[in-house]
Every structure is written in structure tokens, then in C-alpha cells.
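What follows is each chain in one-letter form.
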Amino acid sequence: MFRRVVVGISGGVDSAVSAYLLKKQGFEVCGAFMKNWDLIDESGYCSGEQDWEDAQRLCRQLQIPLEQINFVKDYWLEVFGSFLKDYDAGITPNPDILCNRHIKFNRFYHHARDRMNADAIATGHYAQTNFGPFLEHYSPHEKVRLFMAPDLIKDQTFFLSQITADTLRHTMFPIGGLTKPQVKRLASEVGLDAYARKKESMGICFVGKRSFQQFIAEYIDTKPGPFVDVDTGRVVGQHVGLHHWTVGQKCKIGGCLQPYYVQRKHRETNVIDVVSGHDHPLLFTDILYTEEPVWINVPPGLEQGEV
């Protein structure tokens, strides 16, 4: 049923081993390199170029075709634009969740299926489904379920929590049942040791080597305001903008016996309420405010929008 698989190639060890395992399983494998962001550093060098070169070298080694897909415009409109809008509103969004929802498991998925004639896509995420790493347990009559990876440190199911059931039904996670050390060891054993040694990318792609504060200041105006101790009502410091801080974050305020933590942000007054100590009672709550939930499968008896 699933013969032709398009795998997302990033230039890292996870996608490299995923592509290797797919070919070993006998699938007709094609690689796709997603260009989501144009990042040029001070020297004029684009950091994504090295990843593209590594992706090309991998696909030559594995003897699989590779296509570069440009999603820069889509990423700007659907991920980065929403990211800035939320930050400006005092919300702390997660760009990885947005990227997976709008780009990797929507734009890329449909490109692979419609233009590359893929029966399924594959990625190097650490996640699992009830259909198996190669969709070997696929059933057209069974709902797809997203399961955590055994490597709890690398598990990425949180970042996949807003993708659709239709996409997940046609997605393979070849390394989802492995741990990171196992993936690196396998890479070294099959001649992909260059990718096992490659430094792992951990940050947000569009931030690069800058601090996040430096980056966000380029897009959102600085709006200074006070840090106010909730318990005493005293101003204990100054911040340069609500968008630099998130609830629960440790504040860098000098001259304090205990470190302060963000308890609440007031967009209308530009005040950030802080509390002293990481175990302050006001940092804990049993109330959650949320927008309409995103379900991969709507639970039985619970319609969309109901609580």
C-alpha cells in the first residue's frame, strides 16, 4: 500500500538515519529539503547552506533523489507572522508547534502527496503512532494515535500535538522507537558517522546565534515598564518590554536576596508582576485558560469547542 515515501532531509543525523532505514525497508525513497528561512549572518554566510550541502551529500551516498522546496513565504506568513503577533500581545508562542502544524505536516505533506506522488511522508521526529514506524500496522478503519517516544529527553510529541489525523495517518517515524544514542550508534555503523558527529541544532532557526532579546527587539518596539513585587507593591526593577518575558521566567533584577519570577503580565499598563522565590504560591494554579482545543482525534462524546 505504501511504496513511495518522501522523507524530510534536514542535514542532521536523525533524518539521515531515517532515510537509511526507509531504503533498507525497501521503499522507493525520495528526499525533500525544506527551506523555511533565509538567515544570513554578519559575514554574509547563510547558515542553511551547510545543511543543504549535507543533505545533498547524504542523498548521493544513499543514492536517492533530493528536491529542495522553498517554503520561505509560507513560513513568514503562517509561522513567523503569528509568532510576532502573539509576542506583541504578551503571549509566548511555540514556533516549532506552528511550523509542524502549518509547514512540515501541511504544506510539505501536500506537496509530497500532490506533486511528488508520495504514498506517505517520513520525518526524523522522535515520536510513534499505533500504525508503526513504517506504517506496517496501518488500518483504514482504525483511528491513528500519537504515542511518546521511548527517549523521553528527545520525545517530540508535544511539538506534533496540532497536526491533523489525516497527515499523521500517512506519516512514518522511522527512528521513533529508538533513543538518540542508538540513532548515533547506528549512523556510525552504516557509514553515516559524519552526521553522527555533526553538532545538533537546538535553537529557533530564525534567531541564529543572537540572543533572543536581541532578535525580538528588531521586530517589536521596546516599551519599558516596571517590575512590581506583588507582595509589597514596590517597584523592584525596570523591563524593556512585555515581549521579552514569559510567565514563570526568572528575572534578572539586581540587589535582591532571592531571585524574582514573572507571575503576571499586564498589557494595558505594561506592568510585570513578580514574586520572590521559585516556590512562591502565586506561581502555581489549578485554573487553565485556553483557546479552542486542537484534537488529532476528537474524544468520544466530546464535540469540538465543548469543555
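Remember, predicted model here, so these are calculated numbers, not experimental data.

Draft legend 1. Geometry of the domain arrangement of the protein chain. By domain assignment, the protein chain separates into domain 1 (4–197) and domain 2 (222–283). Computed from C-alpha coordinates alone, the two centres of domain 1 and domain 2 are separated by 38 Å. Between domain 1 and domain 2 lies a buried interface of about 470 Å² when both sides are counted; carbon and sulfur atoms form 42% of it. Across the domain 1-domain 2 interface, the total number found is 1 salt bridge. One salt bridge in this structure joins D88 and K223, with 3.9 Å as the shortest N-O distance. At the junction of domain 1 with domain 2, the criterion picks out 1 residue pair in polar contact (both at pLDDT 80 or more). Here the residues of the side of domain 1 that touches domain 2 sort into 3 nonpolar, 2 polar and 1 charged.

Draft legend 2. Looking closely at the state of the cysteines. Inspection of the entire model under this criterion finds 0 disulfides. With no disulfide of its own, C30 has C59 as its nearest cysteine by sulfur position, at a separation of 9.4 Å. A relative accessible area of 3% means that C59 is categorised as buried.

Draft legend 3. Expanded view of the packing of aromatic side chains. Summed over all chains, the structure comprises 11 aromatic pairs. Each ring, one from F2 and one from Y138, has its centre 5.0 Å from the other, and the planes form 85°; the classification is edge-to-face. In this pair, F2 is assigned in the segment before β1 (4–8) and Y138 in the loop between β5 (128–129) and β6 (146–147), connecting sequence segments 136 residues apart. Considered together, F2 and Y138 belong to a single accessibility category, that of buried residues. Judged by centre distance (5.4 Å) and plane angle (85°), the rings of F227 and W245 are edge-to-face. Within this pair, whereas F227 is found in strand β8 (residues 225–229), its partner W245 is found in the loop between β9 (235–239) and β10 (250–251), the two being separated by 18 residues in sequence. As far as the burial class goes, F227 and W245 line up, both buried.

Draft legend 4. Just the UniProt feature "domain: tRNA-specific 2-thiouridylase MnmA-like central" (unreviewed entry) in the protein chain, in detail. Under the present numbering, the feature "domain: tRNA-specific 2-thiouridylase MnmA-like central" (unreviewed entry) in UniProt falls on residues 213–275. In residues 213–275, the share of helix is 8% and the share of strand is 38%. The end C-alpha atoms are 22 Å apart.

Draft legend 5. Broad picture of the sheet that holds β10. Strand order in the open sheet made by the 5 strands is β9-β8-β12-β11-β10, with mixed pairing throughout. Here the strands that pair on one side only, and so sit at the sheet edges, are β9 and β10.

Draft legend 6. Fine view of the nonpolar core. If you look at the biggest cluster of nonpolar residues, it comprises 69 residues, and the most contacted ones within it are V6, V17, L22, F27, F108 and M172. In terms of residue count, the dominant contributor to this core is helix α4 (residues 95–115) (7 residues). For L22, the contacting residues outside a window of four places in its chain are V5, V7, F27, V29, A122, F134, M172 and P174. Formed by 10 residues, the second largest nonpolar core is a distinct cluster that contains W245, C251, V262 and V274.

Draft legend 7. Representation of the sheet that holds β1 in the model. The 5 strands lie next to each other as β3-β2-β1-β4-β7, forming an open sheet whose pairing is parallel. Edge strands, defined here as strands with exactly one partner in the open sheet, are β3 (66–70) and β7 (171–172).

Each value, and the rule that gives it
Residues numbered from 1 in each chain as written. Predicted model: local features only at pLDDT ≥ 70, side-chain atom pairs only at ≥ 80, totals over all residues. Heavy atoms only, no water. Domains from an automatic or database assignment. Buried area = accessible area lost by both parts, 1.4 Å probe. Salt bridge = Lys/Arg side-chain N within 4 Å of Asp/Glu carboxyl O. Polar contact = N/O pair within 3.5 Å; in protein donor to acceptor, adjacent residues only side chain to side chain. Nonpolar A, V, L, I, M, F, W, Y, C, P; charged D, E, K, R; others polar. Disulfide = S-S within 2.5 Å. Buried < 20%, exposed > 50% of the residue type's maximum accessible area, 1.4 Å probe, protein only. Phe/Tyr/Trp six-rings, centres within 6.5 Å; stacked < 30°, edge-to-face > 60°. Helix = DSSP H or I, 4+ residues; strand = E, 2+ residues; numbered from the N terminus. UniProt positions renumbered as here; feature names shortened; annotations may be inferred. Pairing = 2+ DSSP bridges. Core = buried A, V, L, I, M, F, W, Y, C linked by side-chain atoms within 4.5 Å. Contact = heavy atoms within 4.5 Å.

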